[in-house]
Amino acid sequence: MAENTYDAIVIGSGISGGWAAKELTEKGLKTIMLERGRDIKHVEGYTNANKNPWDFPHRGGRTQEMIKDYPVLKRDYPLNETNLDYWVNEKECPYTETKRFDWYRGYHVGGRSLMWGRQSYRHSDIDFEANLKDGIAVDWPIRYKDIDPWYSYAEKFAGINGTNEDFPGYPHGDLMPAMPMNCVEKDVAKRVRDHYKNARIVTNARVANITQPLPGRTACQYRNKCWLGCPFGAYFSTQSSTLPAAMKTGNLTLRPFSIVTKIIYDKDTKKAKGVEIIDAETNKTYEYFAKVVFVCICDELNMGVDEFRYRCLGRRPW
Ligand code: SF4
């Protein structure tokens, strides 16, 4: 095999890229994962993970200068000084909006898997059948039963904690025990359930923080610092989970600072056959070839689950 030829190319190293790299390498494919930004090593790369509010000049808050420099990120909670270097510099990398589009970007190994909100839910048949029933948009080509085992596969590896409830539109998952409610939350949950005769419930969020150890990962220490990278590997990220699994196979080459500029198209086979990249450090151009080119972008992370459902399904799920 030539030096620049692999079985598979994975573009991006965020949640999707990490999963793709894990699955492809575990199936025996020699894979190169291309990441446009720098490398952030698990544990040692999380420079602020053990800092306290008083260790930051502004106690972890946002300054007027940051608000000026980050016109998109300032729209929501992520803008603060505790992990500013995980987010794209919006002055250097602006984009044009014809209508509002919140594009929160992280250019580094792991992408936004280091900063995501970790909310992890299953669609149900209410979602999969919605377009057909409402007569709008495009009917999903699959139904819940088709994807159910894959949800389980992902949940068991990622480690999702939560509570299974017998509630419409909220399928059971393969979950770790939920983070316990406090006494007030328990009381509110009971009162809501009683008052609405189980037609409304208050339940735990399903979150990709492990409450029981997994190989190479320690259970969550409840430190509320999950956007800084987790030295315990307790929340699901590329670094804590999929990258170590892919590396363990010996089949993965990780190439940071690799900006993919084009997919190389083979006119004869009418298929993609590789990619061209610019090395962000040297400005040199390189080509890589493979039978599989896996493009991994996951903008639903920007949207949040509700918005993702809304955009995919053409309707709000409630
Ligand atoms: S997952 Fe748990 S241990 Fe890790 S940073 Fe978040 S709160 Fe802390």
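Please read all numbers here as calculations on a predicted model, not as lab measurements.

Moving on to the domain arrangement of the protein chain. How big an interface is tends to be expressed through the accessible area that disappears when the partners come together. By domain assignment, the protein chain separates into domain 1 (8-115 + 234-295) and domain 2 (125-222). Relative placement of domain 1 and domain 2: their C-alpha centres are 27 Å apart. Contact with domain 1, which involves 10 residues of that partner, is made by 11 residues of domain 2. Per-residue buried area on domain 1 facing domain 2 is highest for Trp 19, Ala 234 and Phe 236; these three make up 59% of the total on that side.

With 29 residues, the main nonpolar core has Tyr 46, Leu 73, Tyr 86, Leu 114, Trp 116, Tyr 235 and Phe 236 as its most contacted residues. Residues lining this core come from more than one domain, with at least three contributed by each of domain 1 (8-115 + 234-295) and domain 2 (125-222). With residues near it in sequence (within four places) discarded, Phe 236 still touches Ile 15, Trp 19, Ser 113, Trp 116, Phe 157, Ala 158, Ala 208, Arg 217, Ser 241 and Thr 242. Counting residues in each nonpolar core, the second largest holds 12 residues, with Ala 8, Met 33, Ala 246 and Leu 252 among its members.

Strands sit in the order S3-S2-S1-S7 across an open sheet of 4 strands; the sheet is parallel. Of all the strands in the sheet, the pair left with one neighbour each is strand S3 (252-255) and strand S7 (292-295). Taken pair by pair, the neighbouring strands of this sheet meet at an average axis angle of 15 degrees, ignoring direction. Relative to S3, strand S2 (residues 31-34) runs parallel, the two being bridged by 4 bridges.

It is worth spelling out the pattern of salt bridges at this point. This structure, assessed with the given rule, holds 20 salt bridges. Across the pair Asp 85 and Arg 38 runs a salt bridge whose closest N-O atoms are separated by 3.7 Å. Highlighted residues: Asp 85 in the loop between helix H2 (64-69) and helix H3 (125-128) and Arg 38 in the loop between S2 and H2, separated in sequence by 47 residues. By relative accessible area, which is 45% here, Asp 85 ends up partly exposed. A relative accessible area of 29% means that Arg 38 is categorised as partly exposed.

This part takes up the site of the ligand. Surrounding the ligand, one finds Asn 209, Cys 220, Gln 221, Tyr 222, Arg 223, Asn 224, Lys 225, Cys 226, Cys 230, Phe 232, Ala 234 and Tyr 235. Among the residues making up the shell around the ligand, the classes are represented as 7 nonpolar, 3 polar and 2 charged.

The rules we used
Residues numbered from 1 in each chain as written. Predicted model: local features only at pLDDT ≥ 70, side-chain atom pairs only at ≥ 80, totals over all residues. Heavy atoms only, no water. Domains from an automatic or database assignment. Contact = heavy atoms within 4.5 Å. Buried area = accessible area lost by both parts, 1.4 Å probe. Core = buried A, V, L, I, M, F, W, Y, C linked by side-chain atoms within 4.5 Å. Buried < 20%, exposed > 50% of the residue type's maximum accessible area, 1.4 Å probe, protein only. Pairing = 2+ DSSP bridges. Helix = DSSP H or I, 4+ residues; strand = E, 2+ residues; numbered from the N terminus. Axes fitted to C-alpha atoms, helices over the stretch in contact; angles between N-to-C directions. Salt bridge = Lys/Arg side-chain N within 4 Å of Asp/Glu carboxyl O. Near = heavy atom within 4 Å. Nonpolar A, V, L, I, M, F, W, Y, C, P; charged D, E, K, R; others polar.

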